[in-house]
Amino acid sequence: MVSAMASELNSVTGANGTHEDTVSVSPERGATLKDEQPLLKSDPAAASPTAESIEELERKYAPYVRRDAYGTMGRGEIPATEKVMLGIAAVTLVPIRLVLGMLILVVYYLICRICTVFSAPHEEDGQEDYAHMGGWRREVVVRCGRFCSRAMLFTFGFYWIKETHRSNGNEDGCRDQADESERPGAVVSNHVSYVDILYHMSSSFPSFVAKRSVAKLPLVGLISKCLGCVYVQRESKSSDFKGVSGVVTERIQEGHENKLCPMMLLFPEGTTTNGDYLLPFKSGAFLAKVPVHPVILRYPYCRFSPAWDSISGVRHVFLLLCQFVNHIETIWLPVYYPSEQEKEDPKLYANNVRKLMATEGNLTLSDIGLAEKRIYHAVLNGLCVQS
């Protein structure tokens, strides 16, 4: 549960408190890639922005533009009433939510500790987890994990979650998911915020990709093993470790073939957006040639957008906790069964799923990706961060 969020926020709690991309979203990049550089960084020598420069940036990098009341990078001018509300929330809501969040984390850790105290972790290819644990222990871990994840969302102000489940509308095309050959091996979702993972933990409790260092974190380490995380030692070039794509593909196939194994949660865009766009999909999530379950996440807002796009992690968490109410809307599309042609062409498979999600979620397709996001953030540093 919270280990998922900790993986996303691992960069937030780092030395500089800046926003880094997560390893969970791009399984095909491999374990030999270097760590991401911070996307946002304070620049004391920043210049003042101009209306023309901001407008040009927003047109070119639209998927990463914040349009809420707090403006670009969450540093825009806000009215006095908003400042008063933030001040009140900072001394009331934020401390309460932090304490409750920590309490939920500790309680779930103790549950995981009790369920695994006499069990040896499953080890394979340098991976270690308790997701293969069976019987009542696994049932308790999953049920309590889903409950605690929902409790965490409630604590953060997500009191109501609107879920829509869409069917094929074609009886002849419907398939029995009880049949092992038809069960999806992965949940494929658009990526808007670190909150995405908490939602998915509360709904389907899938596994995900995380940095190998997460496994050693206090509290979070054991929880991540119970989730069945696929750990990636990205700085290692040793042949002892499989590439991310290979490990994830095996786990997807395992989840497809064995109903007792958790599905994988994948964000094939490779980074977060403002929730209105869908970036190109990486094909690594589709190499397993098995059905996937597409999910679309939206975060309606009035004042603050929960989207983690062009704002530093610490600032984003603070503003999120200051909101009295936050909202999530989800659309669960029918399980997507690849054709023979799509099975032989992962890029075709990925593109077709992406087009379906864009159509059903009313999302705009964009051709830019993480590289452009870094450029956008680098330019914003020079435009918006004042000394």
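Procedures and definitions
- Residues numbered from 1 in each chain as written.
- Predicted model: local features only at pLDDT ≥ 70, side-chain atom pairs only at ≥ 80, totals over all residues.
- Heavy atoms only, no water.
- UniProt positions renumbered as here; feature names shortened; annotations may be inferred.
- Helix = DSSP H or I, 4+ residues; strand = E, 2+ residues; numbered from the N terminus.
- Axes fitted to C-alpha atoms, helices over the stretch in contact; angles between N-to-C directions.
- Parallel < 35°, antiparallel > 145°, perpendicular 65-115°, else oblique.
- Left-handed = near helix turned anticlockwise from the far one by under 90°.
- Contact = heavy atoms within 4.5 Å.
- Nonpolar A, V, L, I, M, F, W, Y, C, P; charged D, E, K, R; others polar.
- Disulfide = S-S within 2.5 Å.
- Expected span 1.5 Å × (residues − 1).
- Buried < 20%, exposed > 50% of the residue type's maximum accessible area, 1.4 Å probe, protein only.
- Arc of directions from axis to C-beta.
- Core = buried A, V, L, I, M, F, W, Y, C linked by side-chain atoms within 4.5 Å.
- Pairing = 2+ DSSP bridges.

K.L.:
What's the story with the UniProt feature "transmembrane region" (unreviewed entry) in the protein chain in this structure? I'm lost.
P.N.:
Per the UniProt record, "transmembrane region" (unreviewed entry) is found at residues 84-111. Taken end to end, residues 84-111 comprises 96% helix and 0% strand; its first and last C-alpha atoms sit 40 Å apart.

K.L.:
Please explain the packing of helix 5 (residues 135-155) against helix 6 (residues 195-203) as it appears in this structure.
P.N.:
Two quantities define a packed helix pair, namely the angle between the axes and the distance from one axis to the other. For the pair helix 5 and helix 6, the least separation of the axes is 7 Å and the interaxial angle reads 140°. Considering the angle they form, helix 5 stands oblique to helix 6. Helix-helix and strand crossings are classified by hand; for helix 5 and helix 6 the assignment is left-handed. Listed contacts from helix 6 to Arg146, Ser149, Arg150, Met152 and Leu153 of helix 5 are Val195, Leu198, Tyr199, Met201, Ser202 and Ser203. Considered class by class, the residues forming the contact of helix 5 with helix 6 number six nonpolar, three polar and two charged.

K.L.:
How do you make sense of the state of the cysteines when you look at a structure like this?
P.N.:
In a disulfide, the sulfur atoms of two cysteines are held together by a covalent bond. This structure, assessed with the given rule, holds zero disulfides. Cys144 takes part in no disulfide bond, and the closest cysteine sulfur to it belongs to Cys148, at a distance of 6.1 Å.

K.L.:
Please clarify how helix 5 should be interpreted in this entry.
P.N.:
Its 21 residues give helix 5 an end-to-end C-alpha distance of 30 Å, which sits within 8% of 30 Å, the value for a rise of 1.5 Å per residue. Those residues of helix 5 not exposed but buried are Arg138, Val141, Gly145, Cys148, Ser149, Met152, Leu153 and Thr155. Each buried residue of helix 5 lies within a common arc of 150° when the element is viewed along its axis, so the set occupies one face. Of the exposed residues in helix 5, the ones pointing more than 90 degrees away from its buried face are Gly135, Trp136, Arg143 and Phe147.

K.L.:
Hey, could you run me through the nonpolar core in this one?
P.N.:
Counting 56 residues, the largest nonpolar core has Phe158 and Val195 as its most contacted members. Contributions of two or more residues to this core are made by helix 3 (80-91), helix 4 (93-116), helix 5, helix 6, helix 7 (220-227), strand 9 (292-298), helix 9 (313-322) and strand 10 (328-332). When residues of this core are assigned to their parent elements, the largest contribution, eight residues, is made by helix 4. Setting aside residues up to four positions removed in sequence, Phe158 forms contacts with Arg150, Leu153, Val195, Tyr299, Pro306, Leu320, Asn326, His327 and Ile328. Val209, Tyr336, Tyr349 and Ala358 belong to the second largest nonpolar core, which has 27 residues in total.

K.L.:
Explain helix 9 here, please?
P.N.:
Residues three or four positions apart in an α-helix share a direction because the helix packs 3.6 residues into each turn. If you check which residues of helix 9 are buried, you get Gly313, His316, Leu319, Leu320, Leu321 and Cys322. Each element contacted by the buried residues of helix 9 is listed here: helix 3, helix 4 and helix 6.

K.L.:
Explanation requested: the sheet that holds strand 10 in the structure shown.
P.N.:
As a general point, the strands of a sheet are linked pairwise by backbone hydrogen bonds and lie either parallel or antiparallel. Taken in spatial order, the five strands make up an open sheet running 3-10-9-4-7, and their pairing is mixed. Single-partner strands in this sheet number two, and they are strand 3 (161-165) and strand 7 (264-266). Taking the axes of each pair of neighbouring strands and ignoring which way they run, one obtains an average angle of 20° across the sheet. Bridge count between strand 3 and strand 10: five bridges; the pairing is parallel. Residue pairing across strands places Ile161 opposite Ile328, the latter belonging to strand 10. This element, helix 6, spans strand 3, strand 4 (186-189), strand 7, strand 9 and strand 10 of the sheet and lies at about 55° to strand 10. The strands touched by helix 11 (residues 346-361) are strand 4, strand 9 and strand 10; relative to strand 9, the strand with the most contacts, the crossing angle is about 40°.

K.L.:
Sorry, what's going on with the pairing of strand 9 here?
P.N.:
Each regular strand displays side chains that alternate between the two surfaces of the sheet. With respect to burial, strand 9 is a largely interior element, six of its seven residues being buried. Note that strand 4 and strand 9 share four bridges and pair parallel. By the bridge assignment for strand 9, Ala186 is matched with Val292. Pairing analysis gives four bridges linking strand 9 to strand 10, with the strands arranged antiparallel. Its bridge partner being in strand 10, Leu297 is matched across the sheet by Thr330.

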